[in-house]
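# A closer look at the structure
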Amino acid sequence: MGEVLARIETHDWIIDALSREPKGILLDAPAGTGELAQRIKDLGFSVFCCDINLSSFSATGIEIKKGDLNQSLPYPSGKFDFITCIEGLEHLENPFNAIREFNRLLKPGGKLFISLPNYLNIERRFRFLVTGLFSKIPSPRTLGKERFENLWMLHLIPMTYPILKLILEHEGFKILSIDKDKEKKRMKWLLPLVWGIRLYCFFWSKKQKENYHLKDTLSPLLIMGGNTLIVTAIKGN
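The text that follows walks through the structure, step by step, so that each part is easy to find. The residue numbering used here restarts from 1 in each chain and proceeds along that chain's sequence as written. With pLDDT at 70 or above as the cut-off, local features in this predicted model cover only qualifying residues; side-chain atom pairs require 80 or more to be listed or tallied, and sums for whole chains, interfaces and linings still use all residues. Only heavy atoms go into the side-chain values, all of them from the structure, while hydrogens and water stay out.

### Some remarks on the sheet that holds strand β5 (residues 106-117)
In plain terms, the rule: A pair of strands is labelled paired if DSSP reports no fewer than 2 bridges between them. For helices the rule is a DSSP run of H or I covering at least 4 residues; for strands it is a run of E covering at least 2, with both sets numbered from the N terminus onward. For helices, the axis comes from a line fit to the C-alpha atoms of the stretch in contact; other axes are also lines fit to C-alpha atoms, and the angle between any two N-to-C directions lies between 0 and 180 degrees.
If you trace the seven strands from one edge of the open sheet to the other, you get β3-β2-β1-β4-β5-β7-β6, paired in mixed fashion. Single-partner strands in this sheet number two, and they are β3 (63-66) and β6 (173-180). When the angles between neighbouring strand axes are averaged without regard to direction, this sheet yields 20 degrees. Of the pairings in the sheet, the one linking strand β2 (residues 46-51) to β3 comprises four bridges and is parallel in character.

Printed below as a string of structure tokens:
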């Protein structure tokens, strides 16, 4: 199998979660190399894959179609029991459309598993304070080019959890759980910053705290969480 494009801890988390679910029809989009799809198939699921770039896909015995999550995907409505979108939304020009597509493609009561960078951990917040950026933005000129041929592999949208939650709920999903890939022990050195932020926000009014979703954004899971946030949501009936 080819290179794994997401963290192996994220794949392990998804496999563990799906092992407790009834077997059904699952879409993995974007599919990348197909490493995760192959492991899900081995669990007994009927797996379909979709990606804008098919050149890296190397899983065997799994159908893959070309599709752009910024647009409509080549499947009928209500086809899938589960959808996995691992490290995909941050690469899109229009992640809102992807969530709408997932809602269309899932059966009522179907589950959606999403992973994306945890832009709200204290390490990334500190990096943003220093650089004004959540992620590196490479220049094509460093590769001797005037422009990139495509932007698929770049982090285009720094989607934080409150925005993701807003989109999911707006499109008819209910969030069942949020989790992280693994601990980042070195972030403990930034705990004084966390304490300072919490002390500063302690004096905010109840309305301010609600407007800025501080119950979520200052929770240990987000502010001291790992590199990756894993969200499970269910489509309403």
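Read on for the rest.
### Some points on the pairing of strand β1 (residues 25-28)
To keep things clear, this is the line we draw: With its strands directed away from the observer, a crossover is right-handed exactly when the path from the first strand over the helix to the second travels clockwise.
Two elements, β1 and β2, share four bridges in a ladder whose sense is parallel. Counterpart to L26 in the pairing with β2 is V47. Read as a crossover between parallel neighbours, the route from β1 over helix α2 (residues 35-43) to β2 is right-handed. Here β1 pairs with strand β4 (residues 80-86) via three bridges, running parallel. Paired with D28 across the strands is T84, a residue of β4.

### Concerning the packing of helix α1 (residues 8-18) against α2
To keep things clear, this is the line we draw: Here the word oblique covers every angle except those under 35 degrees (roughly parallel), over 145 (roughly antiparallel) and from 65 to 115 (roughly perpendicular). Each crossing gets its handedness from the near helix: less than a right angle anticlockwise from the far helix is left-handed, clockwise is right-handed. Contacts were defined at the residue level, with two residues in contact if any of their heavy atoms lie within 4.5 Å.
At a minimum axis distance of 10 Å, the contact between α1 and α2 shows a crossing angle of 25 degrees. Taken together, the axis directions place α1 and α2 in an arrangement best described as roughly parallel. For the pair α1 and α2, the crossing hand works out as right-handed. Along its contact with α1, which presents I8, H11, D12, I14, I15 and L18, the element α2 presents E35, L36, R39, I40 and L43.

### Let's talk about the packing of aromatic side chains
Worth spelling out the cut-off: A pair of aromatic rings is counted whenever rings of Phe, Tyr or Trp (Trp by its six-membered ring) have centres within 6.5 Å, and the orientation is called stacked for planes under 30 degrees apart, edge-to-face for over 60 and tilted otherwise. Here the term buried applies to any residue with accessible area under 20% of the maximum for its type, exposed to any over 50%, and partly exposed to those in between, with areas from a 1.4 Å probe on protein chains only. To sit over a ring, a charge needs its Lys NZ or Arg CZ within 6 Å of the ring centre and within 35 degrees of the ring normal.
Scanning all chains against the criterion turns up eight aromatic pairs. With a centroid separation of 5.3 Å and 80 degrees between ring planes, the pair formed by Y75 and F80 is classed as edge-to-face. Taking relative accessible area as the criterion, F80 reaches 0% and is therefore assigned buried. Among the aromatic side chains, those forming a connected cluster through ring pairs are F48, Y75 and F80. Over the face of the ring belonging to Y119 we find R124, whose NZ or CZ atom lies 5.4 Å from the ring centre.

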